[in-house]
Amino acid sequence: MLYLVGLGLGDAKDITVKGLEAVRRCRRVYLEAYTSILTVGKEALEEFYGKELILADRETVEQEADSILKEADVCDVAFLVVGDPFGATTHSDLVLRAVKLGIPYKVIHNASIMNAVGCCGLQLYKFGEAVSVVFWTDTWKPESFFDKIEKNRQNGMHTLCLLDIKVKEQSLENLMKGRKIYEPPRYMSVNQAAEQLLAIIQNRRLQGEPAITENTICVGLARVGAPDQKIVSGTLYQMSTVELGGPLHSLIVTGTMHPLELEMLKLFSVDSSSFENNAFQKTT
């Protein structure tokens, strides 16, 4: 049996009872280590679960999946995912491979950022398509995600922006030379994402006024589910100046808001007076 087990968002104790029972009876336990992170390391998880964990990076999961599934038809194997097992589409591939090999599987769900963002007070059913915001480079500055945010806002919907994670990435030089040398991990912050959005707004103004401006109300979230979770609300420009500490961060660009949503966001406002002025501007 292949178990896909969600670990939740905080620390080792966020695993469900059902998930922990599955982990403890598995012969091999893999920890997916590239789509998200917990606030604690591998060692803390091993101590709490009472099991040795095998780190599974992107290369292992996407190119060497057969090694994870090896003997899963005759013994139990667990694949642990921060958040919920299907928070990242890459894990569907593992299920499809298991089915083709005749290996039964079971999914044990948990909280993910996709539903935990409700902690800021925005109503989950009013979210449109989520987007990923990637780190720009000197030669690559994609803007396609901005179009999706604009479309959501024009439809009155909020947008959850999942911010980039760079783990076990190679520089272009090392990649071309085939050297297994990896760059230090990088995690995009709310202010970095906001700065990129502001740059896109300036570019788009050459074609007309975009649906999102510097004064659009946004929400910054950091370490959701952890004891030191942080939430701030304010304009997009204000989001470019906030410092929310360590990873992981997420950014929400709001659409049309219900009065209860506005009241909740006021609890987390960077500046309550300016929040009121900008929150009641008509959504274009």
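This text follows the structure it describes.
Quick caveat: nothing in here was measured; it's all calculated off a predicted structure. (Residues numbered from 1 in each chain as written. Predicted model: local features only at pLDDT ≥ 70, side-chain atom pairs only at ≥ 80, totals over all residues. Heavy atoms only, no water.)

(A) Focus on the layout of surface pockets. Of the pockets and cavities examined, the largest pocket occupies roughly 980 Å³. Around the largest pocket, the lining is made up of 41 residues, and of these Thr35, Ser36, Leu162, Leu163 and Ile165 lie nearest the centre. Taken together, the elements giving at least two residues each to the lining of the largest pocket come down to α3 (58-63), α5 (90-100), α6 (113-116), β6 (131-133), β7 (159-163), β8 (165-166), β10 (217-222) and β12 (249-253). (1 Å grid on protein atoms, 1.4 Å probe; cavity = no way out; pocket = protein on both sides within 12 Å on 5 of 7 lines; lining within 4 Å. Points joined across faces, edges and corners; volume = space filled by probe spheres on them. Helix = DSSP H or I, 4+ residues; strand = E, 2+ residues; numbered from the N terminus.)

(B) Quick look at unusual backbone geometry. The residue after Pro247, namely Leu248, is reached through a cis peptide bond having omega 0 degrees. Inspection of the secondary structure assignment puts Leu248 in the loop between α10 (236-239) and β12. Of note in the backbone geometry, Glu71 takes a positive phi value of approximately 65 degrees without being a glycine. Among the residues examined, Glu71 registers a relative accessible area of 37% and is labelled partly exposed. Residue Arg223 is not a glycine yet carries a positive backbone phi of 55 degrees. (Buried < 20%, exposed > 50% of the residue type's maximum accessible area, 1.4 Å probe, protein only.)

(C) Region of interest: the pairing of strand β2 (residues 28-32). Counting buried positions over the five residues of β2 gives five, a clear majority of the element. Residue alternation in β2 divides its side chains into two sets, Arg28, Tyr30 and Glu32 and Val29 and Leu31, and both sets are buried. Relative to strand β4 (residues 77-81), β2 runs parallel, the two being bridged by four bridges. Across the sheet, the residue bridging to Arg28 is Val77, located in β4. Sheet topology note: the β2/strand β3 (residues 54-56) ladder contains three bridges and is parallel. Residue pairing for β3: Tyr30 is matched across the bridge by Ile54. (Pairing = 2+ DSSP bridges.)

(D) Quick look at helix α1 (residues 17-24). Every buried residue of α1 is accounted for by Gly19, Leu20, Ala22 and Val23. For α1, the angular spread of the buried residues around the axis is 160 degrees, confining them to a single face. Seen from the open side of α1, the exposed residues pointing more than 90 degrees away from its buried face are Val17 and Lys18. Buried positions along α1 lie against β1 (2-6), β2, α2 (42-49), β4 and β5 (105-108). (Arc of directions from axis to C-beta. Contact = heavy atoms within 4.5 Å.)

(E) Quick look at the pattern of salt bridges. Throughout the structure, instances matching the rule amount to 13 salt bridges. One salt bridge in this structure joins Glu71 and Arg27, with 3.9 Å as the shortest N-O distance. One end of the pair, Glu71, is in the loop between α4 (65-69) and β4; the other, Arg27, is in the loop between α1 and β2, with 44 residues separating them in the sequence. Note that Arg205 is salt-bridged to Glu209, the shortest N-O span being 3.0 Å. Relative accessible area serves as the criterion here: at 54%, Glu209 is assigned to the exposed category. (Salt bridge = Lys/Arg side-chain N within 4 Å of Asp/Glu carboxyl O.)

(F) Region of interest: the packing of aromatic side chains. Summed over all chains, the structure comprises one aromatic pair. Pairing Phe48 with Tyr49 gives two aromatic rings, centres 6.1 Å apart and planes at 65 degrees, and the pair type is edge-to-face. With relative accessibility at 1%, the residue Tyr49 sits in the buried group. Here Arg186 stacks its cationic end above the ring of Phe135, 4.2 Å away from the centre of that ring. (Phe/Tyr/Trp six-rings, centres within 6.5 Å; stacked < 30°, edge-to-face > 60°. Lys NZ or Arg CZ within 6 Å of the ring centre and 35° of its normal.)

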